[in-house]
Amino acid sequence: MNQFNQQLNSGAPNKELHRCWQEQLKSYKKLNPDQANSYRAIVVGTGLAGASASATLAEMGFNVKAFSYHESPRRAHSIAAQGGINAAKNYKKDGDSTMRLFYDTIKGGDFRSREENVYRLAEISKNIIDQCVAQGVPFAREYSGYLDNRSFGGVQVSRTFYARGQTGQQLLLGAYSALSRQQNKGKVQFFQREDMLDIVVDNGKAKGIIARNLISGKVQAHAADVVILATGGYSNVYYLSTNAMASNVTANWRAHKNGAFFANPSFTQIHPTCIPVKNNFQSKLTLMSESLRNHGRVWVPKKKSDSRHPAEIPEEERDYYLERIYPAFGNLVPRDVASRRAKEVCDEGRGVGKTGLAVYLDFKKAIEDHGEKFIKEKYGNLFDMYQNITNENPYKTPMKIYPAVHYTMGGLWVDYNLMTTIEGLFSIGESNFSDHGANRLGASALMQGLADGYFVAPHSVMNYLASNSPDNNEKMLEREAFAQKIIEVEKNILDIMNVQGDLTVDEIHRELGKVVWDNIGMSRSEKGLREALEIIPQIREKFNTRLMVPGDKNGPNPELEKALRLKDFIELAELMALDALDRKESCGAHFREEYQTEENEAKRNDSEYAYVAAWEHQKDGRPCLHKETLRFQNVKLKTRSYK
């Protein structure tokens, strides 16, 4: 590892916090629709962030090429976000405000995020709800007609808007309708079943992408005046995660290898409310919404190895450990805290189920207090999903849950305008690192995706394009940079196809996932991280010499798709271990065993590590670390407490 110690500049306005975004908007250059019509934008990914950005840019007059490896934007992983979306509307009159949402998010991220970005997110949150209501998103409502709210972890007010347990799906349908409108107008050209495999940088600026058609196998270049990545997170580096199986890091990683800095790669979130692993042959894990912790109580038996049915364990022999340790927040502590405590009680031998790697989420008291009908109205589809998967009725028997890999706070480094270190390459939503620090609070992912897509990126992208003359897209494709990238991508595909070894992609990926989970998962140590850095190169060698990809590169080949993505995951895993080893502190979801308080809480080192770690790719394989110092002028750095 090299340390250049370059101090990165976020480019945020040097103004009072509440004036930053409005002043930035005033400073942006504008284009009228006729002028915008001369420019073309590429958006990779059509989930919430990508679909909303594509629709909004097209509404402004830009011509948009939107790419998805799905056949429809409605298949994006955004639909899996079940519980809700945060906004500082204060409908409950419980003291919520923009400043409070800002503070909760900064604190929830354990003081490792940029103040200006987080305040902008809180400020815009109110507009998101109005936008979505206007699109017809069926948010839950109270009897009075007001939109209903519920609480999520790390928060003591009710600010989460929801549509039962289908919030992500309903929001995506709203963004999809806006995108479809622009498709019908001819302003958005949708490319389905196209997998981005590289980015084209010409004269220091992002000018296009290389994509492989997943049906024909054809590799083709696409040119534009600006490129926007909205490709989500990289949790599938762990093999088992709550992400859709096709979710991957390839777009971000190829951008990284072309000069985009990768920020905080080791900041990965473990979600406490997932259906436990059943066997060694699962391909993914199922998330149960954090909203369930509003009415569900988390507990384990006080005795070790207690195999009794939960109904046979009396109240005095149950340990409601979150309520005991964190009386102020109880079951609604943030995800990283709840996950570590679940691991702790299971490590003590008090876990439940056949594996002992589970805790109970019990709705008995909520049903007694409110009735089964009330719970069914709030969470019915989630309860149905749980019963379909486990064959257990959660109305009668407590759910079994255990932490699993979920969201990734790390991503491409972006400035205040959401532009990466490659000029003309923007990154939005979970694809970037910008808003959540070392841990994301529940119901904030949808908020960031739509804030970036509807309200931030369209303005900052317009400002960038207004400062650059439009290129002739057809002539751009004739440039050497495009031809060279096509050659590199096709060679990479051939190299993978020609290995002809004896191990499947899943076998190698499963081995990688175990190393990453064991050593860079809920708990990290110097010994474990150094062990990972020894094992990962061995896995890379297996990939290069023993990989077996059947079929042909021409036409559909799911195994080739997975192999191309696994190659990037292996390289990412190494950077994750380096990043976690370099950060000698515990903060949020990054829990180093050597740095914890006497009460087993994360112990930060603000004097040395209050920065964003942004890694630059080097051809010699030794990444260089650059730092963006985090300034805290509106909140005081203090130990995060939920007691």
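Residues numbered from 1 in each chain as written. Predicted model: local features only at pLDDT ≥ 70, side-chain atom pairs only at ≥ 80, totals over all residues. Heavy atoms only, no water.

(A) Local environment of the packing of aromatic side chains. Considering all chains together, one arrives at 22 aromatic pairs under this definition. With a centroid separation of 6.1 Å and an interplanar angle of 75°, the aromatic rings of Trp21 and Tyr28 are classed as edge-to-face. Comparing Trp21 with Tyr28, the two get one shared label, buried. For the pair Phe363 and Phe383, a centre-to-centre distance of 4.9 Å together with 65° between the ring planes defines the contact as edge-to-face. On the criterion of sequence distance, the pair formed by Phe363 in the loop between strand 15 (359-362) and helix 10 (364-370) and Phe383 in helix 11 (residues 372-390) is long-range, its members being 20 residues apart. On the basis of relative accessible area, Phe363 is assigned to the buried category, the value being 1%. Chaining the aromatic ring pairs together yields one cluster made of Tyr91, Phe139, Tyr146 and Phe161. For the cation-ring pair, Arg440 lies above Tyr407, with the distance from its terminal atom to the ring centre recorded as 4.1 Å. (Phe/Tyr/Trp six-rings, centres within 6.5 Å; stacked < 30°, edge-to-face > 60°. Buried < 20%, exposed > 50% of the residue type's maximum accessible area, 1.4 Å probe, protein only. Helix = DSSP H or I, 4+ residues; strand = E, 2+ residues; numbered from the N terminus. Lys NZ or Arg CZ within 6 Å of the ring centre and 35° of its normal.)

(B) Highlighting the pattern of salt bridges. Counted according to the given criterion, the structure contains 58 salt bridges. A salt bridge links Lys376 to Glu372; the nearest nitrogen and oxygen atoms lie 3.9 Å apart. Linking Lys376 with Glu372, this pair stays in helix 11, spanning 4 residues, or about one helical turn. With relative accessibility at 40%, the residue Lys376 sits in the partly exposed group. Judged by relative accessible area, Glu372 falls into the partly exposed class, the value being 30%. A salt bridge links Asp518 to Lys514, with the shortest nitrogen-to-oxygen separation between them at 2.7 Å. (Salt bridge = Lys/Arg side-chain N within 4 Å of Asp/Glu carboxyl O.)

(C) Representation of the environment of Asn605 in the model. Residue placement: Asn605 occurs in the loop between helix 17 (558-582) and helix 18 (606-609). Overall, the relative accessible area of 18% leaves Asn605 in the buried class.

(D) How the structure looks around the sheet that holds strand 10 (residues 226-229). Spatial strand order, 6-3-2-10-18: 5 strands in an open sheet with parallel pairing. Unpaired on one side and paired on the other, strand 6 (188-191) and strand 18 (425-427) mark the two borders of the sheet. Across this sheet, the average inter-strand angle for adjacent strands is 20°, counted without regard to direction. Inspection of the sheet shows strand 2 (residues 40-44) paired to strand 3 (residues 63-67) by 5 bridges, in the parallel sense. Paired with Ile42 across the two strands is Lys65, which belongs to strand 3. (Pairing = 2+ DSSP bridges. Axes fitted to C-alpha atoms, helices over the stretch in contact; angles between N-to-C directions.)

(E) Looking closely at helix 5 (residues 115-134). Between the first and last C-alpha of helix 5 there are 30 Å, a value that for 20 residues agrees with the 28 Å anticipated at 1.5 Å per step. Maximum bend of helix 5: about 35°, positioned at Ser125. With 14 of 20 residues buried, helix 5 is to be regarded as a mostly interior element. Positive backbone phi, approximately 95°, marks Gly136, located one or two places after helix 5. (Expected span 1.5 Å × (residues − 1). Bend = angle between axes of the 7 residues up to and from the residue.)

(F) Representation of unusual backbone geometry. One non-glycine residue, Phe111, adopts positive backbone phi at about 60°. Looking at the secondary structure, you find Phe111 in the loop between helix 4 (98-108) and helix 5.

(G) The arrangement of the domain arrangement of the protein in detail. What the domain assignment lists for the protein is domain 1 (17-267 + 409-476), domain 2 (271-406) and domain 3 (480-608). Contacts between domain 1 and domain 3 engage 47 residues on the former and 47 residues on the latter. Of the roughly 3,900 Å² buried at the junction of domain 1 and domain 3 (both faces included), carbon and sulfur atoms supply 60%. The largest share of the area that domain 1 buries against domain 3 comes from Val237, Tyr238 and Tyr239, three residues that together contribute 18% of it. One can count 7 salt bridges joining domain 1 with domain 3. As a salt-bridge pair, Lys257 and Glu571 come within 3.1 Å of each other at their nearest N and O atoms. At the surface where domain 1 touches domain 3, the tally comes to 19 residue pairs in polar contact (both at pLDDT 80 or more). For the side of domain 1 that touches domain 3, the secondary-structure elements that each account for two or more residues are strand 7 (194-202), strand 8 (205-213), strand 9 (219-223) and helix 7 (250-257). Of the residues forming the side of domain 1 that touches domain 3, the biggest block, 7 residues, is contributed by strand 7. Across the side of domain 1 that touches domain 3, the residue classes tally to 25 nonpolar, 13 polar and 9 charged. (Domains from an automatic or database assignment. Contact = heavy atoms within 4.5 Å. Buried area = accessible area lost by both parts, 1.4 Å probe. Polar contact = N/O pair within 3.5 Å; in protein donor to acceptor, adjacent residues only side chain to side chain. Nonpolar A, V, L, I, M, F, W, Y, C, P; charged D, E, K, R; others polar.)

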